[in-house]
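# Architecture at a glance
Below, each chain spelled out in residue letters.
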Amino acid sequence: MKSLERIEFETLVRARSPNTFLLAPEGLCRNAKPDVQSAHYGVPAAQLRHAFLAVALAKPRVSHTLKDDVALYDNLVQRSALFRFPDLIAVRFIDLGKGKSTLAVYSRSVYGRSDLGVNRARIMAWVREVQETIKPVSP
C-alpha cells in the first residue's frame, strides 16, 4: 500500500479502473480530468486545511499517514468497516492569494475495480461538511 507516496497533481495520471475520484481546480492537472472542479474559499490555505482535516479525521477508520505542514499536503487512509480494505486519499491545499484558497483531492481504492461510488460520495460529503463553516466564494 502506498499511503506514504506523495501525489503530484500536476502530473497525475489516473488509473483506468473506475474506483477513483478527483476533485481539483481548473488547470491544475495537466494529465487528468477532474470529476468535479473544486471551489474557491475566502480563507488562507492553512485555514482550509485545518477545517478539512478536522472533518476527515473525525470520521471512523480514518488515519493520517503523511503530513506536510510546509507544502500543505496530506495523505489519509480510510478503511472499510467490514473487511478493512484501505482507500487512499491525497489532499493538497492551494493558496490563491488575497486570502483565498482551494484544494485538490484524489481518492482511490486499493483493491477491486469498482468502488460503487464510495470515493466520490466520501469526498463530496467531507467537502459539504467543510462548507457548513467555510462558504465558497467567487473565483
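Up top is the structure.
As the structure is a prediction and not an experimental result, all values here were calculated from the model. (Residues numbered from 1 in each chain as written. Predicted model: local features only at pLDDT ≥ 70, side-chain atom pairs only at ≥ 80, totals over all residues. Heavy atoms only, no water.)

## Observations concerning the overall build of the chain
The helix and strand tally for the chain stands at 2 helices and 8 strands. Along the chain direction, N to C, the helices and strands of the chain fall in the order β-β-β-α-β-β-β-β-α-β. Relative to a compact globule of 139 residues, whose C-alpha radius of gyration would be 14 Å, the chain shows 14 Å and is just as compact. Across its three principal axes, the chain shows a C-alpha extent of roughly 45 × 30 × 25 Å. Per-residue burial for the chain yields a buried fraction of 44% across its 139 residues. The contacts in the chain between residues at least 6 apart in sequence include a share of 53% that link residues at least 24 apart. As displayed, the chain has an accessible area near 7,600 Å², and 55% of this comes from carbon and sulfur atoms. Counting 21 positive and 13 negative side-chain charges, the chain places the averaged centre of each group 4 Å from the other. (Helix = DSSP H or I, 4+ residues; strand = E, 2+ residues; numbered from the N terminus. Rg over C-alpha atoms; globule rule 2.2 N^0.38 Å. Buried < 20%, exposed > 50% of the residue type's maximum accessible area, 1.4 Å probe, protein only. Contact = heavy atoms within 4.5 Å. Areas by Shrake-Rupley, 256 points an atom, 1.4 Å probe, with all protein chains shown as cover. Lys, Arg positive; Asp, Glu negative; His and termini not counted. Charge placed at Lys NZ, Arg CZ, Asp CG, Glu CD.)

## Focus: a nonpolar patch on the surface
A contiguous nonpolar patch, built from Leu82, Phe83, Phe85, Val110 and Tyr111 and spanning about 570 Å² of accessible area, is present on the exposed surface. Looking at the element boundaries, Phe85 is found in the loop between β5 (73-79) and β6 (86-97). (Patch = residues over 30% accessible without salt bridge, like charges linked within 9 Å, V, L, I, M, F, W, Y side chains within 5 Å. Salt bridge = Lys/Arg side-chain N within 4 Å of Asp/Glu carboxyl O.)

## Here we look at unusual backbone geometry
Here Leu72, not a glycine, exhibits a phi torsion of approximately 55 degrees, which is positive. Tracing the chain through its elements places Leu72 in the loop between β4 (62-68) and β5. Positioned with a positive phi, Arg84 is a non-glycine residue whose angle comes to about 65 degrees. Structurally, Arg84 is set in the loop between β5 and β6. Given the relative accessible area of 43%, Arg84 is considered partly exposed.

## Let's talk about helix α1 (residues 45-57)
Relative to the 18 Å expected for 13 residues at 1.5 Å per residue, α1 spans 18 Å between its end C-alpha atoms, a close match to the ideal helical length. Of all the positions in α1, only Ala45, Leu48, Arg49, Ala51, Phe52, Leu53, Val55 and Ala56 are classed as buried. On its buried side, α1 packs onto β3 (40-41), β4, β5, β6, β7 (100-109) and α2 (118-130). (Expected span 1.5 Å × (residues − 1).)

## Side note on the pattern of salt bridges
As enumerated under the stated definition, the model contains 7 salt bridges in all. Notably, a salt bridge pairs Asp35 with Arg14, separated by 2.8 Å at the nearest N-O pair. Taken together, the residues span a long stretch of sequence, with Asp35 in the loop between β1 (20-24) and β2 (36-37) and Arg14 in the segment before β1 at a distance of 21 residues. By sharing partners, the salt bridges in this structure join Arg49, Asp69 and Asp74 into a single network.

## Some thoughts on the nonpolar core
In terms of nonpolar packing, the biggest core is built from 25 residues, with Phe52, Leu103 and Trp126 touching the most fellow members. Elements represented by at least two residues in this core include exactly β1, α1, β6, β7 and α2. Considering every element that reaches this core, the biggest residue donor is α1, with 7 residues. Contact partners of Trp126, with chain neighbours within four places excluded, come to Phe52, Val55, Ala56, Lys59, Val62, Leu76, Gln78 and Ile89. By size, the runner-up hydrophobic cluster in this structure holds 13 residues, among which are Phe9, Ala24, Ala32 and Ile94. (Core = buried A, V, L, I, M, F, W, Y, C linked by side-chain atoms within 4.5 Å.)

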